[in-house]
Amino acid sequence: MSTTLALSTGLLTNVVTQGWAWPAFAGLLVFGTGWIVLETLWRPEATLPNIAPVPRQLPACPPDLIGRDGELARLDRMPASGTACVLAGTAGVGKTTLAVYWGHRAAGRFPGGQLYLNLRGFDPTAPPLTPAEAVDAALAALGTAPEDLPDGLDARTALLRTIAAQRRVLIVADNARDAAQVRPLVPGARGSFLIVTSRHQLSGLTAVEAAPILTMGLLNADEGRRLLARRLGPSWLTADRSAVDGIVRGCQGLPLALAIVAAKAAARPALSPSALAEDLRLATLRGDEPATDLRAVLSWSYRALSPAAARLFRLMHLHPASVATAAELSALAGADASAQLAELVRASLIDEIALHRYTCHDLLRQYAATLAADDQPARQRAALGRLLAHALNAPADFELRVLLVHRAAADGFADEADRLTESVEGSLRLLGRWDVLAAVAEAALDVAPSPGAEARLRFASAEGRYRLGDYEQVETQARRAVDLATSMELRFAALMLLARVHAVTGRPEQALAFAAEATGLPVGDTADQLNALGWIHSTAGSPEQALTLYLRALAAARAGGDRQKQAVTLHNIGDAHLACGRHRLAADAFRESIEICRSLGDRDGEGVVLRRLAVAYDACGRHRRARRARAAAAAL
């Protein structure tokens, strides 16, 4: 080096003292500079200047990102207004995939480098990184030598913020456990940006650092099919669309579950979509390593729960509805569960979709059920008993009661199953949900606690089956209900149901025989019973006898002041007059029924009777009035 410097000094002296031309000097200067560089590189003891590297640490860019356009658009806007954000969501929802994909997409906005830190917040094999370890890793990636690190976490955090302020840097902090772990990584000024992924919501970062939380949801059915098509090709989907739809439903829109299925299909081309769909359950959603074993991935979240929250999570599968209230889940827990529910929400194991209303997808429910298999059976049964008691004694959701009938019957809660069925029978009849009425009655029937309960449940099953047209089952159940009935009212109803089914199946003599037996019971002349008897006679071809019964039914309805039953009975009277050829009397009865329906605001009933009035008018030759009646019905 000294020789080179001497040479350069001599050249400069010649220029000054001997008048060398400057162009010549410039050429010699380039030659001398090159010699300096060559000599520096040649000498073993020479060192290059300390130039900070530009880190490019992001993992490989995911080849496909389906259904995240909204999240990407929000991420695009965030660096202009803040320095950090949190991607939160349940295990396997694709938080890391989104963060890495966006990091590659936005790399040009961060010329100072892109850092990737695996914080191991929910890692099964290694402890989480401490805040100090995370800061040290970031500083090392940005070129800070160990000997240049200041003492203490606060000083190193300040150094990281200084460097981030000078260089536009993106930091992806993956798999964070809590806000304290990542807080030192938050840049102090805009320009650099931190993306944190976590199964927890890290609301502390929102409260202190104003970092928005972007909660990632599940994919919808169309997005699930697109993900499979991207990985397996469109022809795989079109080979068996029904089976593919079953796979998408079974995966519940969870990207990891769909990816595992796609990997299985790719590895075993002979395996058809239908075969995959038939074997689709939590236990089969596993790959060759823990990161692609869905149950293992979910377990990392579960193991981080407090004992009380973990106990509540193991009970979640006992609740049969897709949405549960805080009161219902507290009943399962045996005490107020507000704190445990908040913890489960933070852990992204359940979602609070409205105030005090919670849900979780079916794969998580399956996981909870597998955990419950190792729990004490007595503890699980006691929790279900508390939920059933809550549903019976509190203003529980109607749909929940329907579902709990099946749960109670399956677990041998006979009294509860019977009482729950009785509590929903009336509403199911009013709503016309005859298939559900038959299903809940038959579920409770398996554990009927008494002959009287069995009779009531058999009649409810028969009534539902009758409305569904399953007449063979109606006869079986109704006959048994007649034998077991402990009240005259129930026996009358079962006999009338037998009369109805015989009437509609073309057996009028048997229908009238059952009706006669029912008439002989001391149940009084109620409008409902007399109308039912009249219908039997009308269907059996005896409209005059039917009319006599309908007129008695009208008197009973008027005596009781029941306007709705009066409207129904007048409709029946009009039909009987039509069958007897008394068309003007039929029209009079129909008009009176319509007036009552209008006064009650019963538009459906008004429309039905208007159409019957049009028939009566046509039979009378009053065709213009018939057209007006039909138009009025159509307008409703």
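We now turn to the structure provided with this report. Being a predicted model, the structure only gives us computed values, none of them experimental.

### Observations regarding the nonpolar core
Consideration 1: Counting residues in hydrophobic clusters, the biggest one holds 102 residues, and the most contacted among them are Leu228 and Phe313.
Consideration 2: When sequence neighbours within four positions are dropped, the list of residues in contact with Phe313 reads Tyr302, Leu305, Leu344, Leu349, Leu364, Tyr367, Ala368 and Leu371.

### Focus: the environment of Arg611
Consideration 1: Within the secondary structure, Arg611 is located in helix α31 (residues 603-620).
Consideration 2: Assessed through its relative accessible area of 44%, Arg611 is described here as partly exposed.
Consideration 3: Considered as a pair, Arg611 and Ala633 are 22 residues apart in the sequence and their alpha carbons are 6.4 Å apart.

### A look at the packing of aromatic side chains
Consideration 1: All told, the structure shown has 6 aromatic pairs when counted by the stated rule.
Consideration 2: On the numbers, 6.1 Å between centres and 40° between planes, the contact of Tyr302 with Phe313 is tilted. You can see Tyr302 sitting in helix α14 (residues 294-302) and its partner Phe313 sitting in helix α15 (residues 307-315), a full 11 residues away along the chain.
Consideration 3: The buried category is assigned to Tyr302, whose relative accessible area is 14%.
Consideration 4: The interplanar angle of 50° and the centroid separation of 5.9 Å between the aromatic rings of Tyr466 and Tyr471 together place this pair among those described as tilted.
Consideration 5: Assessed through its relative accessible area of 12%, Tyr466 is described here as buried.
Consideration 6: Judged by relative accessible area, which is 30%, Tyr471 ranks as partly exposed.
Consideration 7: One aromatic cluster is present, built from ring pairs that chain together Trp102, Phe110 and Phe193.

### Points about unusual backbone geometry
Consideration 1: With a phi angle near 55°, Ala210 is a residue other than glycine that sits in the positive phi range.
Consideration 2: Mapped onto the secondary structure, Ala210 falls in the loop between α8 (203-209) and β5 (213-215).
Consideration 3: On the basis of relative accessible area, Ala210 is assigned to the exposed category, the value being 60%.

### A closer look at the sheet that holds strand β6 (residues 323-325)
Consideration 1: Read from one edge of the open sheet, 3 strands run β6-β8-β7, paired in antiparallel fashion. The outermost strands of the open sheet, each flanked by one partner alone, are β6 and β7 (351-354). Pairwise comparison of adjacent strand axes, ignoring direction, gives a mean angle of 40° for this sheet.
Consideration 2: In this structure, β7 lies alongside strand β8 (residues 357-359), joined through 3 bridges in antiparallel fashion. Within β8, the position partnered with Glu352 by the bridge is Tyr358.
Consideration 3: Running at roughly 75° to β6, helix α16 (residues 326-333) makes contact with β6 and β8 of the sheet.

### Notes on the sheet that holds strand β4 (residues 193-198)
Consideration 1: With respect to topology, 5 strands assemble into an open sheet ordered β2-β3-β4-β1-β5, the strand pairing being parallel. Each edge of the open sheet is held by one strand with a lone partner, namely β2 (113-118) and β5. When strand polarity is set aside, the average angle formed by the axes of neighbouring strands in this sheet is 15°.
Consideration 2: Here strand β1 (residues 84-88) runs beside β4; their pairing, made up of 5 bridges, is parallel. Paired with Val86 across the bridge in β4 is Val196.
Consideration 3: Contacts from helix α4 (residues 95-105) reach β1, β2, β3 (169-176) and β4, with the element oriented near 160° to β4.

### A word on the side chain of Glu425
Consideration 1: Positionally, Glu425 belongs in helix α21 (residues 414-431).
Consideration 2: Judged by relative accessible area, Glu425 falls into the buried class, the value being 6%.
Consideration 3: Not counting chain neighbours up to four residues away, the residues in contact with Glu425 comprise Leu437, Arg456, Leu457 and Ala460.

### Thoughts on the pattern of salt bridges
Consideration 1: The tally for this structure, following the rule as stated, stands at 27 salt bridges.
Consideration 2: Measuring nitrogen to oxygen at the nearest pair gives 3.5 Å for the salt bridge that ties Arg379 to Asp375.
Consideration 3: What makes Arg379 partly exposed here is its relative accessible area of 33%.
Consideration 4: Take Asp375: its relative accessible area is 11%, and that puts it in the buried class.

Criteria and cut-off values
Residues numbered from 1 in each chain as written. Predicted model: local features only at pLDDT ≥ 70, side-chain atom pairs only at ≥ 80, totals over all residues. Heavy atoms only, no water. Core = buried A, V, L, I, M, F, W, Y, C linked by side-chain atoms within 4.5 Å. Buried < 20%, exposed > 50% of the residue type's maximum accessible area, 1.4 Å probe, protein only. Contact = heavy atoms within 4.5 Å. Helix = DSSP H or I, 4+ residues; strand = E, 2+ residues; numbered from the N terminus. Phe/Tyr/Trp six-rings, centres within 6.5 Å; stacked < 30°, edge-to-face > 60°. Pairing = 2+ DSSP bridges. Axes fitted to C-alpha atoms, helices over the stretch in contact; angles between N-to-C directions. Salt bridge = Lys/Arg side-chain N within 4 Å of Asp/Glu carboxyl O.

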